[in-house]
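Take a look at the letters that make up each chain.
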Amino acid sequence: MAEVLVLVEHDNGVVKKVTGELLTAARALGEPSAVVLGAAGSAATASARLAEFGAEKIYAGESADIDGYVVAPKAEVLARLVRDLAPAAVLVAATSEGKEVAGRLAVKTESGLLTDVTSIDADGTAGQTIFAGGMLVKSRVRTGTPIYAVRPNAITAVPATGAASRQDIEVSVSDSARAATVTERVVEARGSRPELAEASIVVSGGRGVGSADNFKIIESLADSLGAAVGASRAATDSGFYPHQFQVGQTGKTVSPQLYVACGISGAIQHRAGMQTSKTIVAVNKDPEAPIFELADFGIVGDLFAVVPQATDEINRRKA
Amino acid sequence: MNIVVLVKQVPDSSSERTLHESDKTVDRDSASLVINEMDEYAIEEALKVKEAHGGEVTVLTMGPDKATESIRKALSMGPDKAVHVNDPALHGSCALVTSKVLAKALSTLEWDLVIAGAESTDGQVSALPAMLAERLGVAQLTGARKLTVEGSALTVERQTDDGYQVVQAATPAIVSVWDTINEPRYPSFKGIMQAKSKPVTTLTLADLGISPDEAGLGAATSEVVEAAPRPPKQAGVKIPDEGDGGVKLAEFLAAGKFV
Ligand SMILES: Cc1cc2nc3c(=O)[nH]c(=O)nc-3n(C[C@H](O)[C@H](O)[C@H](O)COP(=O)(O)OP(=O)(O)OC[C@H]3O[C@@H](n4cnc5c(N)ncnc54)[C@H](O)[C@@H]3O)c2cc1C
Ligand SMILES: Nc1ncnc2c1ncn2[C@@H]1O[C@H](COP(=O)(O)O)[C@@H](O)[C@H]1O
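Values in this document were obtained by computation on a predicted structure and should not be read as measured data.

Colleague: Help me out: how do you make sense of the overall build of chain B in this one?
Modeller: Each helix and strand in chain B was counted, giving eight helices and 13 strands. Expressed along its principal axes, the backbone C-alpha trace of chain B runs to roughly 65 × 45 × 40 Å. Across the 259 residues of chain B, 52% fall into the buried class. Long-range pairs, those at least 24 residues apart, make up 73% of the contacts in chain B with a sequence separation of at least 6. Here chain B displays about 10,900 Å² of accessible surface, and carbon together with sulfur accounts for 52% of that area.

Colleague: What am I meant to see in the interface of chain B and chain A here?
Modeller: Accessible area lost upon the coming together of the parts is a frequently used measure of interface size. At the interface, 79 residues of chain B touch 87 residues of chain A. With both sides pooled, the region where chain B packs onto chain A buries about 7,100 Å², and carbon together with sulfur makes up 55% of that total. Counting the contacts that link chain B with chain A gives eight salt bridges. With a closest N to O distance of 3.3 Å, E188(A) and R145(B) form a salt bridge. No other element matches helix α8 (residues 245-255) of chain B, which puts ten residues into the side of chain B that touches chain A.

Colleague: Is there a simple way to think about the sheet that holds strand β15 (residues 258-262) of chain A in this case?
Modeller: Strand pairing within a sheet occurs via backbone hydrogen bonds; the two strands may be parallel or antiparallel. As summarised here, the arrangement of the six strands in space is β14(A)-β13(A)-β15(A)-β16(A)-β17(A)-β13(B), forming an open sheet in which the pairing is parallel. Edge strands, defined here as strands with exactly one partner in the open sheet, are β14 (228-231) of chain A together with β13 (237-240) of chain B. Here the strands of the sheet are splayed against their neighbours by 15° on average, with no regard to which way each runs.

Colleague: Hey, could you run me through the packing of aromatic side chains in this one?
Modeller: The description of two aromatic rings rests on the distance between their centres and on the angle between their planes. Evaluated as defined, the whole model comprises three aromatic pairs over all chains. Taken together, a centroid distance of 5.2 Å and an interplanar angle of 55° make the contact between Y241(A) and F245(A) tilted. Classification of F245(A) as buried rests on a relative accessible area of 11%. Relative to F252(B), the ring of F297(A) lies with its centre 4.4 Å away and its plane at 10°, an arrangement referred to as stacked. Residue F297(A) is located in strand β17 (residues 297-300), and its partner F252(B) is located in helix α8; the two belong to separate chains.

Colleague: Any chance you could explain the nonpolar core here in plain terms?
Modeller: If you look at soluble globular proteins, the nonpolar side chains tend to sit buried side by side. If you look at the biggest cluster of nonpolar residues, it comprises 96 residues, and the most contacted ones within it are L60(B), V85(B), V101(B), L113(B), I115(B), L141(B) and L147(B). The biggest single contributor to this core is helix α3 (residues 95-107) of chain B, with seven residues. For L60(B), the residues in contact, after removing those within four places along its chain, are V4(B), V5(B), L6(B), V7(B), V83(B), V85(B), L102(B), A105(B) and L106(B). Of all hydrophobic cores here, the second largest spans 50 residues; its members include V202(A), M274(A), F292(A) and V300(A).

Colleague: Got a minute to help me understand the sheet that holds strand β4 (residues 31-38) of chain A in this structure?
Modeller: An order of β11(A)-β5(A)-β4(A)-β1(A)-β6(A)-β10(A)-β7(A)-β8(A)-β9(A)-β12(B) is seen for the ten strands of this open sheet, with the pairing classed as mixed. Two strands close off the open sheet at either side, each with one partner strand: β11 (165-168) of chain A together with β12 (222-229) of chain B. Across the sheet, the mean angle from the axis of one strand to that of its neighbour is 35°, orientation sign disregarded. Here four bridges tie strand β5 (residues 57-62) of chain A to β11(A), and the two strands are oriented parallel to one another. Note on β11(A): the bridge partner recorded for Y59(A) is Q167(A). Where helix α1 (residues 17-26) of chain A meets the sheet, it contacts β1 (3-7), β4, β6 (89-93), β7 (113-120) and β10 (147-150) of chain A, and its direction lies at approximately 160° from that of β6(A).

Colleague: Is there a simple way to explain the pattern of salt bridges in this structure?
Modeller: Oppositely charged side chains can pair when the atoms bearing their charge come close. According to the stated counting rule, one finds 35 salt bridges over all chains in the structure shown. Three or more residues are tied together by salt bridges with common partners; here these are K74(A), E97(A), E100(A) and R158(B).

Colleague: Help me out: how do you make sense of the packing of helix α1 (residues 37-53) of chain B against helix α2 (residues 67-77) of chain B in this one?
Modeller: The angle between the axes and the distance between the axes are what describe a pair of packed helices. Residues and elements named next belong to chain B. Their axes nearest at 10 Å, the elements α1 and α2 cross at an angle of 35°. The way α1 lies across α2 gives a crossing that is right-handed. Contact residues: E40, I43, E44 and L47 in α1; K73, A74 and M77 in α2. Class assignment for the residues of the contact of α1 with α2 results in four nonpolar, no polar and three charged.

Colleague: Hey, could you run me through the site of ligand 1 in this one?
Modeller: Among the 26 residues in the neighbourhood of ligand 1, the closest are listed as R207(A), S232(A), S265(A), Q269(A) and N284(A). Around ligand 1, the nearby residues trace back to chains A and B. Note that an oxygen atom of ligand 1 is positioned 2.7 Å from one of the side-chain N or O atoms of Q269(A). N284(A) is positioned with one of its side-chain polar atoms (N or O) 2.7 Å from an oxygen atom of ligand 1. Taken together, the elements giving at least two residues each to the shell around ligand 1 come down to α7 (233-237), α8 (268-271) and α9 (303-318) of chain A.

Colleague: Help me understand α2(B), please; the structure alone is not making it clear to me.
Modeller: Because each turn of an α-helix spans 3.6 residues, side chains separated by three or four positions in sequence point in the same direction. All buried positions along α2(B) are accounted for by A67(B), S70(B), I71(B), A74(B), L75(B), S76(B) and M77(B). Once α2(B) ends, the next one or two residues include G78(B), with phi positive near 145°.

Colleague: Would you mind going over the site of ligand 2 with me for this structure?
Modeller: All names here are of chain B. Near ligand 2 there are 18 residues, and of these L6, D39, M62, S120 and S126 occur at the shortest range. Between ligand 2 and M62 there is a distance of 2.9 Å, counted from a nitrogen atom to a backbone nitrogen or oxygen. Interatomic distance of 3.4 Å between a backbone N/O atom of V125 and an oxygen atom of ligand 2. Within the complex, 97% of the 490 Å² of free accessible area of ligand 2 lies under protein. Breaking the shell around ligand 2 down by element, the ones donating at least two residues are β4 (57-62), β6 (113-117) and α4 (128-136). Among the elements that line the shell around ligand 2, the one with the most residues is β4, at three residues. In terms of residue class, the shell around ligand 2 is made up of ten nonpolar, five polar and three charged.

Colleague: For this particular structure, what's the right way to read the confidence of the model for chain B?
Modeller: Keep in mind that low pLDDT regions are not for reading the predicted coordinates in detail. When the pLDDT values of chain B are averaged, the result is 94; 100% of them are 70 or greater. The complex model carries a pTM of 0.93, and its ipTM stands at 0.93.

Colleague: It is not clear to me how the packing of helix α4 (residues 72-85) of chain A against helix α5 (residues 96-109) of chain A should be interpreted in this structure. Could you clarify?
Modeller: Residues and elements named next belong to chain A. Running from N to C, α4 and α5 cross one another at 45°; their axes reach a closest spacing of 9 Å. The angle between α4 and α5 falls in the class oblique. Crossing handedness for the pair α4 and α5: right-handed. Mapping the contact onto sequence places A72, K74, A75, E76, L78, A79, V82 and R83 in α4 and E97, V101, R104, L105, K108 and T109 in α5. Residues of the contact of α4 with α5, tallied by class, amount to seven nonpolar, one polar and six charged.

Calculation criteria
Residues numbered from 1 in each chain as written. Chains lettered and ligands numbered in written order. Predicted model: local features only at pLDDT ≥ 70, side-chain atom pairs only at ≥ 80, totals over all residues. Heavy atoms only, no water. Helix = DSSP H or I, 4+ residues; strand = E, 2+ residues; numbered from the N terminus. Buried < 20%, exposed > 50% of the residue type's maximum accessible area, 1.4 Å probe, protein only. Contact = heavy atoms within 4.5 Å. Areas by Shrake-Rupley, 256 points an atom, 1.4 Å probe, with all protein chains shown as cover. Buried area = accessible area lost by both parts, 1.4 Å probe. Salt bridge = Lys/Arg side-chain N within 4 Å of Asp/Glu carboxyl O. Pairing = 2+ DSSP bridges. Axes fitted to C-alpha atoms, helices over the stretch in contact; angles between N-to-C directions. Phe/Tyr/Trp six-rings, centres within 6.5 Å; stacked < 30°, edge-to-face > 60°. Core = buried A, V, L, I, M, F, W, Y, C linked by side-chain atoms within 4.5 Å. Left-handed = near helix turned anticlockwise from the far one by under 90°. Nonpolar A, V, L, I, M, F, W, Y, C, P; charged D, E, K, R; others polar. Near = heavy atom within 4 Å. Polar contact = N/O pair within 3.5 Å; in protein donor to acceptor, adjacent residues only side chain to side chain. pLDDT = per-residue confidence, 0-100. Parallel < 35°, antiparallel > 145°, perpendicular 65-115°, else oblique.

Encoded structure:
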């Protein structure tokens, strides 16, 4: 069966959820091989998890150069693998960095690239949503080795057993791939909450929340549900919540099982980042707010009454 | 420091956007067209660097005749001149071809720094700056929320999912920016008047030495085979809060096994 390369998203070997989704999608096209690029020890840590989602092989490229320079080393290693193995396709996560790796790889291998893919068929056709989620398209690659950047949370990860046999690969990085040096990494605290793009529940607040202090109400509801916190642009621009949590066209695209919008009107640019969520709940005091057009369940009311009451009730049910 | 800013004209995200029925490319004829939002931040950043370090700012756009409007709008913010790559054979170009054309155009210009937006709102490929860095063999400083220039040394804060990275490189380099980096200025009346007489050079594929069959829809490395509007969502439940809205909400979530 044809080999399909999957670039593993991980943090020092701790595999991110999207990787299971990528391996699942890859199985529609052939036999998935996981490519683990990172610091020494990453592949060993990642191995068990990758086996659970059907990785037959693990190509381990461990070198400080991978994380020491921006994007280019990963693309170089992948390009070499593509040349040596002639895989049926390459899958990466549609994160900012994943798309950049894919872009460089597309240039190196003269291959077509599809981004923000939400499904892949056995014949290689991919589903994509475009124009803020307003349109669904099917696309295919016409040239080279198809490269798919797959949107997190779009595909349900299905376990399958894989041999996960490890093969070490050489990481030799050219001078031009060393042009941009990463000198520092700063993690800005999000506490113990899940990462926004990966979370299966997101609770977001908008201008209606009114202040940074009031965002505690949103955080409490999120914590009762084990959710990530998001915000509209009006909320981040007003300084209620840090920009990195912005959902929408110019922020993150999320596609969780459940999205709870509190005090958010539902402008098209906000919908762009959340309308593929499976279930959408809205709390807004304006019955005409466009967010209700999307909501599976909406409460017309004051979020300062509704949200704390919901939090208390959820915590009571959990106790 | 000479800077080229990449500016793309896109259909306004607040208006209705569609694909052409016939070839499934983005419909730019019926749409209201604007400068890609992130590119306004790129222009602003270029002007700031120029104000601090001198040099010239050139706007580079690949797009049809209509893109002239966006070029003038960009120039009215302050850049010195523009280059417009315009050729009917470019219609339907994929990201890979666009990057080839822009890389060729950049190689005809003198620059130390290219500044682009981190993503466009129509294609949303978000890969073009990385593709250009790859083609030109220069440093990739993408996803910046902060840029510092000291002589030929560049430092950016590159936004990541959980924070940022500090990244350093020397010119020549390609920087792409998010909207966290600055607050774009509004064109002044004087700027709008001046923009009318700023030089705009038009380049065709022939000028760039690219053959028409290497570009456009025919050479696209990927294609849209089917397109349909998202089916409308089934109307959900909407209830007024009568004092127990929070409890009702919790009940809905519990019924959906979210609790
Ligand atoms: C190019 C471009 C890109 C953009 N990108 C993004 C993006 O990425 N993400 C994004 O979110 N926006 C984006 N926007 C902005 C977008 O158009 C809206 O302005 C923004 O989403 C509005 O945020 P909001 O819903 O929080 O605020 P508003 O539209 O002001 O809505 C606030 C809502 O809160 C309700 N409310 C107020 N008080 C209460 C209360 N006590 N209880 C209950 N409800 C209450 C109100 O009824 C109202 O519906 C973009 C805009 C442009 C032009
Ligand atoms: N046709 C184009 N002309 C000029 N710049 C472009 C063009 N396409 C993309 N860009 C630049 O590349 C950035 C990222 O675009 P994209 O990769 O298409 O999301 C944009 O914000 C622009 O700065």
